[in-house]
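Descriptive analysis of the structure
Next come the chains, spelled out residue by residue.
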Amino acid sequence: MKRIGIILVLLQTVLLLHAQQGLHVNELFEGRIVPQERMMVTKVRGKMIAKYQLSFFHSLRFYAAPDQVSHIMTLIEKDRTGAGVQDYSIAQAGYTESHMIRLAPKGKMNRYLCVKTERKTKKTNEVVVIYMEGTLSSLEKLKEILK
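The present account deals with the structure reproduced in this document.

About the criteria used
- Residues numbered from 1 in each chain as written.
- Predicted model: local features only at pLDDT ≥ 70, side-chain atom pairs only at ≥ 80, totals over all residues.
- Heavy atoms only, no water.
- Core = buried A, V, L, I, M, F, W, Y, C linked by side-chain atoms within 4.5 Å.
- Buried < 20%, exposed > 50% of the residue type's maximum accessible area, 1.4 Å probe, protein only.
- Helix = DSSP H or I, 4+ residues; strand = E, 2+ residues; numbered from the N terminus.
- Expected span 1.5 Å × (residues − 1).
- Arc of directions from axis to C-beta.
- Contact = heavy atoms within 4.5 Å.
- Salt bridge = Lys/Arg side-chain N within 4 Å of Asp/Glu carboxyl O.

This part is about the nonpolar core. Counting residues in hydrophobic clusters, the biggest one holds 23 residues, and the most contacted among them are Val-25, Leu-28, Phe-62, Ile-76, Leu-113, Val-129 and Tyr-131. Going through the elements one at a time, α2 (26-29), β2 (54-64), α4 (66-82), β4 (96-106), β5 (109-121) and β6 (124-134) are the ones with two or more residues in this core. Considering each element in turn, this core owes the most residues, five residues, to α4. By size, the runner-up hydrophobic cluster in this structure holds 13 residues, among which are Leu-54, Phe-57, Cys-114 and Leu-142.

Over its 17 residues, α4 runs 24 Å from end to end, which matches the ideal 24 Å to within 8%, given 1.5 Å per residue. Turning to α4, its buried residues are Gln-68, Val-69, Ile-72, Met-73, Leu-75, Ile-76 and Asp-79. The arc that holds every buried residue of α4, seen down its axis, measures 155°, which confines them to one face. Away from the buried face of α4 by more than 90 degrees, exposed residues Asp-67, Thr-81 and Gly-82 are located. Taken together, the buried residues of α4 touch α2, β2, β4, β5 and β6.

Side-chain pairing between opposite charges can occur once the charged atoms of the two side chains come close. One pass over the structure, following the stated rule, counts six salt bridges. Linking Arg-32 and Glu-30 is a salt bridge whose minimum nitrogen-to-oxygen distance equals 2.3 Å. The class of Arg-32 is exposed, set by a relative accessible area of 55%. Glu-30 gets classed as partly exposed once you look at its relative accessible area, which sits at 42%.

Set out below in structure tokens:
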């Protein structure tokens, strides 16, 4: 019985790691731009987010230097232009910039990528990157949920 539990945990971990695979921004989720020990990582699957028509939620929150932010935004732009984007939204207010992208579906799952950057000082930016999957059908509905 213990073996089955361990196998299930390993299987779920593998599935979580492959969720945003195929995207350029996966480099960030793997900790190759900003070390993972400097990030607050949240991963949610299951009933807690099912009411929002989502099956997977993976967010990163961290502080980054301007060159790191520039690299991250280059990856986001590559995903926006190369991943069969269904919808795209950008908002700016002062030192804050937000991007919301509806990527091409993966099977029956719709995929979303959201990025918010806020300049704190000339050398520091707070960054939040969120990847989501689910049956949620539009960026407008996602905006309502995130408010």
